[in-house]
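The lines below spell out each chain.
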Amino acid sequence: RKKKVPTCTRCGFRVGHVETRIAGRTRWRTTRAAGGRRAGMVLDHERLDVYAVALEFLVFANGVIERLPRGRGHLADQLTRASTSIVLNLAEGAGKLSKADKRRYYLTARGSATESAALLDVCLRLRLLGEAEYRTGKAMIVRVVSMLIKLAMSFEDPSPATDKAASDSEPQ
């Protein structure tokens with residue numbers, strides 16, 4: 001019978017974490033497992049639910065690409081670039097420190113997601129994709145886009161100039 005290995009209550013990995021405060025910000029550092037290797041190290045983008053869904057769509061898109069007939073390489077290239085761009089921009093945005101940078105990368109990822117949706121529309125219209133497969137892919141993309149919109153909005157900076165201009169135009 002195997003011995004149960006204790007897991008971290010924060011992330012579920014088989015190691016714990018140490019909290020440190022640097023410049024007023026809380027940082028979590030993964031403790032070292034036996035053998036001196038870091039176990040369960042998680043990067044910022046890997047904590048995002050939208051990243052997992054975007055990766056799932058990337059795998060789906062790859063399946064669509066592999067089934068495209070010869071002569072449709074232009075569509076395959078576009079869908080490859082667009083679906084990969086979603087994942088890469090999410091990762092890069094999560095790694096940025098400023099809110100404006102994060103927001104810009106998340107909005108770029110949203111643009112790539114809507115481009116992917118348009119490519120699915122094209123494939124359906126050209127009868128290169130079945131209706132059921134189209135609906136599956138479209139549902140993933142709609143979910144990614146809605147998550148990215150909410151994520152980008154969470155990094156919006158309410159502009160005092162805009163608020164002042166709005167209040168100046170109201171009748172008193």
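For the structure itself, look to the data block above.
Cut-offs and rules
Residues numbered from 1 in each chain as written. Predicted model: local features only at pLDDT ≥ 70, side-chain atom pairs only at ≥ 80, totals over all residues. Heavy atoms only, no water. Helix = DSSP H or I, 4+ residues; strand = E, 2+ residues; numbered from the N terminus. Buried < 20%, exposed > 50% of the residue type's maximum accessible area, 1.4 Å probe, protein only. Contact = heavy atoms within 4.5 Å. Salt bridge = Lys/Arg side-chain N within 4 Å of Asp/Glu carboxyl O. Core = buried A, V, L, I, M, F, W, Y, C linked by side-chain atoms within 4.5 Å. Axes fitted to C-alpha atoms, helices over the stretch in contact; angles between N-to-C directions. Parallel < 35°, antiparallel > 145°, perpendicular 65-115°, else oblique. Left-handed = near helix turned anticlockwise from the far one by under 90°. Nonpolar A, V, L, I, M, F, W, Y, C, P; charged D, E, K, R; others polar.

1. Some details on the overall build of the protein chain
So, step 1. Helix and strand content of the protein chain: five helices and two strands.
So, step 2. Each helix and strand of the protein chain, placed in order from N terminus to C terminus, yields the pattern β-β-α-α-α-α-α.
So, step 3. Here the protein chain holds 172 residues, and 31% of them are scored as buried.
So, step 4. In the protein chain, once contacts between residues fewer than 6 apart in sequence are set aside, the share between residues at least 24 apart is 57%.

2. As for the pattern of salt bridges
So, step 1. Summed over all chains, the structure comprises six salt bridges.
So, step 2. As a salt-bridge pair, aspartate 44 and arginine 47 come within 3.2 Å of each other at their nearest N and O atoms.
So, step 3. Under the relative-accessibility criterion, aspartate 44 is labelled partly exposed at 44%.
So, step 4. Note on arginine 47: relative accessible area 45%, which makes it partly exposed.
So, step 5. A salt bridge links glutamate 156 to arginine 103; the shortest N-O distance between them is 3.1 Å. With glutamate 156 in the loop between α4 (131-153) and α5 (160-169) and arginine 103 in helix α3 (residues 99-125), this pair connects stretches of sequence that are 53 residues apart.
So, step 6. Overall, the relative accessible area of 40% leaves glutamate 156 in the partly exposed class.
So, step 7. Accessibility expressed as a relative area gives 27% for arginine 103, which makes it partly exposed.

3. Topic: the nonpolar core
Across soluble globular proteins, you tend to see nonpolar side chains buried next to one another.
So, step 1. Counting 37 residues, the largest nonpolar core has Leu48, Phe57, Ile86, Leu90 and Tyr106 as its most contacted members.
So, step 2. Elements with a contribution of two residues or more to this core: α1 (49-67), α2 (73-95), α3 and α4.
So, step 3. If you tally residues by element for this core, the top one is α1, at nine residues.
So, step 4. For leucine 90, the residues in contact, after removing those within four places along its chain, are His45, Leu48, Val50, Tyr51, Ala54, Tyr106, Ala109, Leu148 and Leu151.

4. Notes on unusual backbone geometry
So, step 1. Phi at arginine 127 takes a positive value of approximately 60 degrees, unusual for a residue other than glycine.
So, step 2. Relative to the assigned elements, arginine 127 resides in the loop between α3 and α4.
So, step 3. Assessed through its relative accessible area of 77%, arginine 127 is described here as exposed.

5. Regarding the packing of α1 against α2
So, step 1. As a packed pair, α1 and α2 sit with axes 9 Å apart at the nearest point and diverge in direction by 165 degrees. Between α1 and α2, the angle is such that the two are roughly antiparallel. The handedness of the crossing between α1 and α2 comes out as left-handed. Here Val50, Tyr51, Ala54, Leu55, Phe57, Leu58, Ala61, Val64 and Ile65 of α1 lie close against α2, whose contacting residues are Ala76, Leu79, Thr80, Ser83, Thr84, Ile86, Val87, Leu90 and Ala91.
So, step 2. Within the contact of α1 with α2, the residues separate by chemical class into 15 nonpolar, three polar and no charged.

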